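# Structural description and commentary
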Amino acid sequence: MQQTLSIIKPDAIEKNVIGEILKHFEKNNLKIVAAKMLHLTKERAEKFYLIHKDKPFYNDLVDFMTSGSILVSVLYGEDAVKKNRDIMGATNPEQADKGTIRKDFATNIEKNAVHGSDSLENAKIEIAFFFKEDEIFIR
Ligand code: IDP
Ligand code: MG
């Protein structure tokens, strides 16, 4: 069993599809064990995406991620990191498989509806970025 971090990005919040996206997790046996809605400051968004700071899309990505509220959640389940990535679909929605979140809700390669941790190690770092220990409870 693993925990992974999910973010519903500002484009999906704007499209009013939070519930539909959470349903994708639930129907794939990922349990939402923590969740909150918040607005990232520029500094926090830059820090979260620091790994991409040398990429040409970094500044636009930070602008996009601060353009509205996001919903961050911790998903828990068997093989949760990979399972969430599979449910999300490819970064570029044009390459995303049918039935994935990005196929259904992404606008383009930047405004692609969701973030998901890409490894167990990063999941731990990203969960700690947003949640305190007493905000996550697993029975
Ligand atoms: P991922 O979200 O599928 O893990 P990453 O390569 O880690 O994809 O990129 C982080 C985020 O940066 C993407 O989800 C997307 O919002 C944005 N992004 C990635 N590649 C591009 C690009 O080529 N142009 C614009 N934005 C991009
Ligand atoms: Mg990534």
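Before reading on, note that the structure itself is shown above.
These lines cover the structure that appears in this document, whether it is placed above or below. (Residues numbered from 1 in each chain as written. Chains lettered and ligands numbered in written order. Predicted model: local features only at pLDDT ≥ 70, side-chain atom pairs only at ≥ 80, totals over all residues. Heavy atoms only, no water.)

### Structural notes on the site of ligand 1
Here is the rule: What makes a residue near a molecule or strand is one non-hydrogen atom of that residue sitting within 4 Å of it. Polar contact is defined as a pair of N or O atoms within 3.5 Å, subject to the rule that within protein one atom must be able to donate a hydrogen and the other to accept it, and that residues adjacent in sequence are counted only when both atoms are side-chain atoms. Residue exposure ignores everything except the shown protein chains as possible cover, and the areas themselves are Shrake-Rupley values with a 1.4 Å probe. Here the nonpolar group is Ala, Val, Leu, Ile, Met, Phe, Trp, Tyr, Cys and Pro; Asp, Glu, Lys and Arg are the charged ones; every other residue, Gly included, is treated as polar.
Lining the immediate surroundings of ligand 1 are Lys9, His52, Phe57, Leu61, Arg85, Thr91, Arg102, Ile109, Glu110 and Asn112. Separating an oxygen atom of ligand 1 from a side-chain N or O atom of histidine 52 is a distance of 3.0 Å. Coverage of ligand 1 by the protein amounts to 77% of the 530 Å² it exposes when considered alone. Across the shell around ligand 1, the residue classes break down as three nonpolar, three polar and four charged.

### Overview of helix H7 (residues 120–130)
Structural remark: α-helix, 3.6 residues per turn; residues separated by three or four positions point the same way. Heads up, the rule is: The cut-offs for exposure are 20% and 50% of the maximum accessible area for each residue type, with area from a 1.4 Å probe on protein chains only; residues under the lower value are buried, those over the upper are exposed, and the others partly exposed. Starting at the N terminus, helices and strands are each numbered in turn, a helix being any DSSP run of H or I of at least four residues and a strand any DSSP run of E of at least two. Here, the arc refers to the directions that run from the helix axis to the C-beta atoms. The contact criterion used is simple: two residues touch if any of their non-hydrogen atoms lie within 4.5 Å.
Inspection of H7 places Ala123, Glu126, Ile127, Phe129 and Phe130 among the buried residues, and these make up the whole buried set. One side of H7 carries all its buried residues, which in axial view fall inside an arc of 150°. Along H7, exposed side chains directed more than 90 degrees from the buried face belong to Glu121, Lys124, Ile125 and Ala128. Looking at the buried side of H7, the elements it contacts are strand S1 (2–8), strand S2 (31–38), helix H3 (42–48), strand S3 (70–77), helix H5 (80–88) and strand S4 (114–116).

### Remarks on the sheet that holds S2
Formally: The pairing criterion for strands is at least two bridges between them, as found by DSSP. A fitted line through C-alpha atoms represents every axis, and for helices the fit uses only the stretch in contact; the resulting angles, taken between N-to-C directions, go from 0 to 180 degrees.
Spatially, the four strands line up as an open sheet ordered S2-S3-S1-S4, and their pairing is antiparallel. This sheet does not close on itself; its edge strands, each paired only once, are S2 and S4. Each strand of the sheet is rotated relative to its neighbour by a mean of 20°, with strand direction disregarded. Where S2 and S3 come together, seven bridges link them in antiparallel fashion. Note that in S3 the partner of leucine 38 across the bridge is isoleucine 70.

### A closer look at the pairing of S1
Of all seven residues that make up S1, six are buried, and the element is covered over most of its length. Pairing of S1 with S3 involves seven bridges; the strand directions are antiparallel. Paired with threonine 4 across the two strands is leucine 75, which belongs to S3. Sheet analysis places S1 next to S4, joined by three bridges and oriented antiparallel. Bridge pairing in S4 links isoleucine 8 to valine 114.

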